[in-house]
Amino acid sequence: MAAIYSGIHLKLKSPQTQWEDKLKLARFAWISSQCLLPNKEQVLLDWCTHALTGWYSQKVEFSQDVLEGLWCYLDDLLHSRKLHSLVKQGKTISLRLNMAQLLLDRLHECVRVSTRPSVGVSTLLSVCKGILSSPALSSVFTTKYELMVDLAVKFCSLACHELQQPSLSGPLQDAMQPEHTTESVTPHDEPVTHTQLISDSSIAQSEPVAEPLLIDSSESKSKPKENIRSAHLFEVLHQSLSCYLSVQRQQANPNRVFTMVTNQLIQTITVLRYLLTSGEYTLSRTHLCLRPQLCRDIRIKLDSILQLALFPPEHLSSYKEELLPSKEDCGKRGAGGAKGLLKPVSNILSKLSAQGFCESTLHYTMRANSSSVLFKFFLESYGKGRGESEEEQKMLCFHFLTRLTSLLDVSLDAASSVQPDQSVCVSPPTSLCSPESWSLALLAVEALLSQALSADIYNVAADRIRHGEVQLNFYRGLAQILFNHAQPSIPAWYRCLKALLSLNHLILEPDLDQLLSSAWVNAECMETRVQLARQVLVSSLLQTYTKLRQLPRLFSVLLSIICQPALDDLRPPLLSEMMSASLRSCLQDTPPSQVLEICSLVLQSIKSFILPGLMKDTTEVEEMELEDNGGDERESGEEMADQEKRDASLKLFSLSQLLHAVLFNLKTLENASPLPLVKQSRSLMEEMQLVVKELLQLVSLEKKNSNGVQTTKGSTKKTPKKGKTDLDHNHSQKVSDYETVVMWTQKTQEAALLLRYTWVEVDTLFHIHCSKYTSLESPQAIEGQDEACALVLSGVSFPASVSSPSCSPMSCLLLKLLTLQQMKKALYEAPLLAEPGTAALLSTAAQFILARGELDVSVDGEQVWNGQIGSVNASSYPVAHWCLVTSNLPLIAPYLSMEDSSRVADALVSSLLSGQTSIGNNRPPGCLSVSIISSQLLQSPILNELQPLFSATVQCLRQKIVRVIKAADGSQVCTTLLKFDVMEREVNQSESDPSKPMHTEAVVEEILAASKTGGAPVLLSDVQTKELSKLLQIITNLNSDGMSSEDLSSLFLLLLFMLTSTCSQTHQVVMEPPNSGDYALLLGKLLRLLTCLLEGRNFQSVLKLMHGGTLLQVVVTSLLRLSNSGQFHSTGSTDWLDLVTALQGFIRSLVRLIIIRNSSVRLNLEQFASYLTSEDVARREIVASKPAEAAVSEKPDAGAAICVIHLLLASLSSFSQEMTSNLGRSKPIDQTLTQMLARTAASLGPTIKAALTPQTVSEPAMESSSVLGQAFVVEVMTVMMNSELSSLSVESENITKATMTHRALYQRFCQQILKEMTSAPRPMDFLLSSLTFLSTFYKAAEKTVGEGEEEGGEERKGAKELDELYVQILQIVHRLLAAPWLSPNDIGELEPSVVELLRHLLGKSSTSQFNLLLLLIRERLDAVKLKAGNYREVLSAVVVTKALSCCQLPELCSKALWLITPQIISAMVFLVRSSSQDTSMTVPFTIPTVKSMTFLLRQGEGRISNPHHVTLVFGALQAVPLDHLSPLVYQSVFLAVHEALFAIIQCHPQVMLNAAPSFLNVFYRLVASIMQEGRQRGDADTDSDVYVQCSRLIERMYSHIAATAESFTTMSAFMVAQYVTELQKVTLRPDIKLHLTEGIYRILDLCMEQDIKFLTAGLQMGVREVFNELYSSYTHYHKTQRQGEDKYTA
């Protein structure tokens, strides 16, 4: 062994040994256990590092392959498990100190562009990772701080290179474009230092370009390997930053750290941070396969390095010395100041402003990004102070903010010294002349201002009193720069102004006119993001001046801007939807006197600026038009005058819109309104009336002038051909002038009518609600009907149509609104309404408002309207007109003729049909369309009250259905359709002459004949089927109670005709099985509609034409005939099942109607029962049960046969089920029903046997029944058993010897169900029906055994079988609830059926049976099974326990249950605590267990005597997880815990006397969790309703706590303290805060005066401010209201 040792050691040292052999020997020595070198690991590590340092220092020479081998050997050593295990065992292993410098030099080679690294980068990164992963090995770097700084710089530079690689083909802005490769590398390139990054200018000059990370030729250059290597680089970067951060924290000299970071690290870190966070480099990060979490971790490390190095607490004095003025820092610069840094801010800013450390296009972006980051770190480090130092540190933050603006190339030094009355005009540098640079600058300024606003560094009072308004002057100078270099196309510009407004409105006060002009009136950019930012700014402006009670001042400036000369057609709409909503809310908070002042300002602006412009030179222009000859100057003057009038009319329209919005949101006058306010209102209305009168006179005069221009235009057309050429120019000029005149005249008319309509509405409202106000239009004396009618309806003349040139769409709508208002006045005045001529004028007005010709246009297309009256145009007018008509139908409908009502009904139906076809069209949110308005009208109760219109709608629908059927094949030979036309005329005649009878017997007879014989059916195509489905859907939405007897009868007969005489055309065309889905869907809708109609109030009129039994027979016969003809082929399709369900619903409703109304019950039911049990139907069953024979004999195929059986079973079961549910009404009816039940049960037996009979020998019965659906077969079997039980129990009181006819069938079926329920995953409907069947079967078995007590042996045998059945059912229930394929939602769906089953099992159970159930529960409530992973077995016991607590038990069983309940609660508490440790168990187990405990607590009210057993629940609730849950899971957990607390406080109030602290601890968890989940977030919250509902529950619980004040009197202050402490941590969403605040108000009601003093004195500073704000709002809003309520409370 010694020879081996000495030989290898000597050979490694020997210069004669080849380096290749040395490397092989070293590898052998490392892996071989026979080489026993002393301290072998350290020796081999030192040999390898010595060889590498010797080669790089040129002391030894060997080949490149040996060099690569040595690096790989070193990498293997550093990553070997052997080495790491030795280090963990405490063995000292270290690297040579010169190895650190060697690695730094190699990393430097990778950063350089021209130098090719001597080692592969992947190997180098792996070596660094191996060193840094071990504290012992990384000490080669960590022992010297300068080495760690250099290492961090190298890795950050390398990462910057890698992130910039995809953007090397173009400028920075093109980083998202596809990557291009560049391969032009020249040998004489100049190197780039490690602090320089690749710039675009170097690429443009063909300078060297580095590969992503230069690697040796032996490494693959494929893209996947590069990506893997890049991801490896960033992992090593994160590791190195972690090591560096730990070393930096250990440094005792913060000045040294600051100097090192600012000199070497800050530039590279800021660039790397930007590249990692910027959205422009998303493609780079995706290309490099960087995980987002890794990027976030690296960014957090970079932020920590900067914040800890640049802004430590020790440097606060240095920052104060540099930033604060000398007078504020006098006496504070002692010896400590000399030891501090010299101007740290200047040092930081100079490093970031220096050129050359990154490319030029990236430099400004990096500085803008860094400014907000540095300010954030500064605020976090120095922004929080206590006492006197708080104001000083806020000023320090402000001065740091002023210095940071120099990074943005916007010099604000001059601006900061501006006086309030001075203006600043600071020109930006050339780099900010491009909009893109302005965008970056504005984003940075916005971030700085937002942080300053959030940190509350601006105290307006302190700044004015103690600091000479230095902050105000700075912000005002910044605002001046924003205005002097306005960027209205950038959203951040508006957000900066909004932040300044939030800081102090006085900042923008001197430039309020410019702000309103740029952001509101004269805004140019209509891009969506800009529009949103602009509207938010304007809304904030309105809200601010509303709070200041200076809204009139704001509007005075706004009006002056609107009236300034400008091209108004280029201005945006003055009031958008968002601005209107904001203005509406602001006006509601403004005193009425100020609102009236605003209106007066608007009217004064119209009179002073608009009317003179409209009326200017009108007389002169008329005289000039009468002259024959004129010059070009006169024509130019006319054109200029018309243009000025056009601009004036646009301004007038904007002002009228504004006045309309203000007046319509003014609080109306009341009898309690003060008299000065009433006088001010009357003065305003008088002034407004004069303005409107002048405008209307002006419009009338201009219309006359325009008619003269039009006459001149017409005479020009008659000019001879010879002179036509000379007059072309004059003619076109006159036409243009005419169009201009028409345009401004229309705008003036629109404004005048809008003001007139506004005036009329407001004047009427004032007059109605305030007796002190006298209407200016109220008639003082009415003499004669002509004067009265003229006074009502003489305001305006009716235009011919909307298309009239003199009447724009908006003018027409306003005329209709004015006419409607005049109608209201006429109806309001009783004497006027009694005049004979008033009714005729009202009818004329109603017809004008309706405008039948416009209704035809309104249903074409899907135009939209936003509901604003100022946005009505030719496109949106049909929607606005239809909205006006439908919303005022109760007013105008009494004055419409039958023809008008029919036109409205036709428009209603047509728009609904068009709306169904265009339902997928994208409409703007909040906009109306004709179809939407029609749908709302159809669903409103108004239509039912307008009987003529409702009848016209039903008649229109009938006509459309007949029209569709007439277009089908085979309708020509159908005489019934012709009779329907006659019947329609009879309906109209009967409405005009009710005494004339209707002759519909012929239609009824033909329908009955068609149902019996079939006849020649009408064949419906797919298109006609869909059209009929749409019409039926519309009829379904109608209220059948509103139909008259005639309408209901005719509609019902028409629908019945559709059922009996139509079929699908598809079956007649092709021989293959048709796709009968649409037709089955149509029949399903048809049957549901018939069901709705028979539940109508006037359905008795139909029963006079046709007996109920006949109607049932017709419906079933028609469906059986359609099934036999092959119309339906699949019993498993959704449409077919829907049809069967609709048939069952129709049969049940009609049978119930017959029984309830006692309408010939025996006759009708006997008729239908005889039909269902007749030989004809039985023959169909036989054919259906033998599909193979039917196929041979050319009978209906197998699919049709199964459909027949399905229909028969559905009819029989629904018929029997409804009769069973109506037993017990009276003895005669019961006898009739039991006879029918016996017959149907006897018929159901063979039918169900035929359905269950296997088609082959090997096919089991359950598989055969799956064709019909297992759930359906089980339901039918249950109904049959119930029918037989009911008939037996009613026939005789003693049925000792009576037995059930199909008992054997029931027993076999029960055993099959018990076998099938848990054998495999089953559908939910099958499980529910099976549980119901088991309940019924057990009841039948129990009744049979109970009635046979005389027979001793048989009785004992039956009791034994019953006990066995009891055990089987309990076991199957437990197995079912423990089934692994059931989800928590499925179990919740099964619970009601399980409860019902247990009620039947335990209703008459013995003590032994009940003890068996309790034993099963106790065995399964075992925590061992839960820990073993078998939680479903435990869950089954939990669910059974919950169901058991809801059951009505015998007295002994009930006592046993509540005796063992404390043990059950204790077990559940332990289970909840155990399951809460695993969050994956929350939904499937924890929540159901908590709900079960809640049920036990509710049902145990007065039964659980020991309060200790209740308090145990608090321990379980305290353990339930509430953090890191999805919204829906959080809602479920929150609701479960809340309901448990609510059950305790409601059902066990005695517990709260001693357990109030435990209760509050659990409740505080809920409050804290909803505050965390309900805090404001930047992203859109799609689950906001979840948290709002939870906050409502918190409010409710606070109310209940306040109601039980005796238990919480001493706890009220504690609860408030907990609330405000948690509230201080978060910023809640307004909707959630509203509910929580209302709840805590209830607790403040309990607080005494000493509690408030205690809270004020005992809370911490920040929490105390929150409490003071809360208590102030409580005193202002809630306490006064409560005291007012207490005044009237007994």
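The structure under discussion appears in the preceding block.
This text gives an overview of the structure that appears in the document.

The rules behind these values
- Residues numbered from 1 in each chain as written.
- Predicted model: local features only at pLDDT ≥ 70, side-chain atom pairs only at ≥ 80, totals over all residues.
- Heavy atoms only, no water.
- Helix = DSSP H or I, 4+ residues; strand = E, 2+ residues; numbered from the N terminus.
- Buried < 20%, exposed > 50% of the residue type's maximum accessible area, 1.4 Å probe, protein only.
- Areas by Shrake-Rupley, 256 points an atom, 1.4 Å probe, with all protein chains shown as cover.
- Core = buried A, V, L, I, M, F, W, Y, C linked by side-chain atoms within 4.5 Å.
- Contact = heavy atoms within 4.5 Å.
- Axes fitted to C-alpha atoms, helices over the stretch in contact; angles between N-to-C directions.
- Parallel < 35°, antiparallel > 145°, perpendicular 65-115°, else oblique.
- Left-handed = near helix turned anticlockwise from the far one by under 90°.
- Nonpolar A, V, L, I, M, F, W, Y, C, P; charged D, E, K, R; others polar.
- Phe/Tyr/Trp six-rings, centres within 6.5 Å; stacked < 30°, edge-to-face > 60°.
- Expected span 1.5 Å × (residues − 1).
- Salt bridge = Lys/Arg side-chain N within 4 Å of Asp/Glu carboxyl O.

**Observations concerning the overall build of the chain**
- A tally of helices and strands in the chain yields 78 helices and four strands.
- Residue burial in the chain is summarised as follows: out of 1690 residues, 52% are buried.
- Summed over all atoms, the accessible surface of the chain reaches about 74900 Å², with 53% contributed by carbon and sulfur.

**Side note on the nonpolar core**
- Residues Trp71, Tyr319, Tyr475 and Leu500 are the most contacted members of the largest nonpolar core, which totals 520 residues.
- Here this core takes 13 residues from helix H9 (residues 145-164), the largest share from any one element.
- With near-sequence residues (within four places) excluded, Trp71 lies in contact with Leu52, Tyr56, Met99, Leu102, Leu103, Arg106, Val119, Thr123, Leu124 and Val127.

**Things to note about the packing of helix H44 (residues 947-966) against helix H48 (residues 1045-1061)**
- Across the interface, H44 lies against H48 with an axial gap of 10 Å and an inter-helix angle of 20°. Classified by the angle between their axes, H44 and H48 sit roughly parallel to one another. H48 is crossed by H44, and the crossing has left-handed handedness. Residues Ser951, Val954, Arg958, Ile961, Val962 and Ile965 of H44 touch H48, and the partners they reach there are Asp1047, Ser1050, Leu1051, Leu1054, Leu1055, Phe1057 and Met1058.
- In terms of residue class, the contact of H44 with H48 is built from nine nonpolar, two polar and two charged.

**Thoughts on the packing of aromatic side chains**
- Scanning the model with the defined rule gives 36 aromatic pairs in all.
- Each ring, one from Trp19 and one from Phe62, has its centre 4.9 Å from the other, and the planes form 55°; the classification is tilted. Of this pair, Trp19 sits in helix H2 (residues 19-31) while Phe62 sits in the loop between helix H3 (40-56) and helix H4 (64-79); the two residues are 43 residues apart in sequence, bridging distant segments of the chain. The residues Trp19 and Phe62 share a single accessibility class, namely buried.

**Section: unusual backbone geometry**
- At Asp456, a position not held by glycine, the phi torsion is positive, near 55°.
- Looking at the secondary structure, you find Asp456 in the loop between helix H21 (435-455) and helix H22 (460-466).
- Of the residues examined, Asp456 reaches a relative accessible area of 45% and is grouped as partly exposed.
- Phi angles above zero are rare outside glycine, and Glu469 is one such case at about 55°.

**Some points on helix H67 (residues 1431-1445)**
- Here H67 contains 15 residues, and its C-alpha end-to-end distance of 21 Å stays within 8% of the 21 Å for a straight helix at 1.5 Å per residue.
- Among the 15 residues in H67, 15 count as buried, and that is most of the element.

**Digging into the pattern of salt bridges**
- One pass over the structure, following the stated rule, counts 41 salt bridges.
- In this structure, Arg27 engages Asp76 in a salt bridge whose closest nitrogen and oxygen atoms are separated by 3.3 Å. Here Arg27, found in helix H2, pairs with Asp76, found in helix H4; they are 49 residues apart in sequence, far enough to count as distant.
- Overall, the relative accessible area of 42% leaves Asp76 in the partly exposed class.
- Linking Lys320 and Glu392 is a salt bridge whose minimum nitrogen-to-oxygen distance equals 3.5 Å. On the criterion of sequence distance, the pair formed by Lys320 in helix H15 (residues 316-323) and Glu392 in helix H19 (residues 388-404) is long-range, its members being 72 residues apart. When sorted by exposure, Lys320 lands in the same class as Glu392, which is buried.

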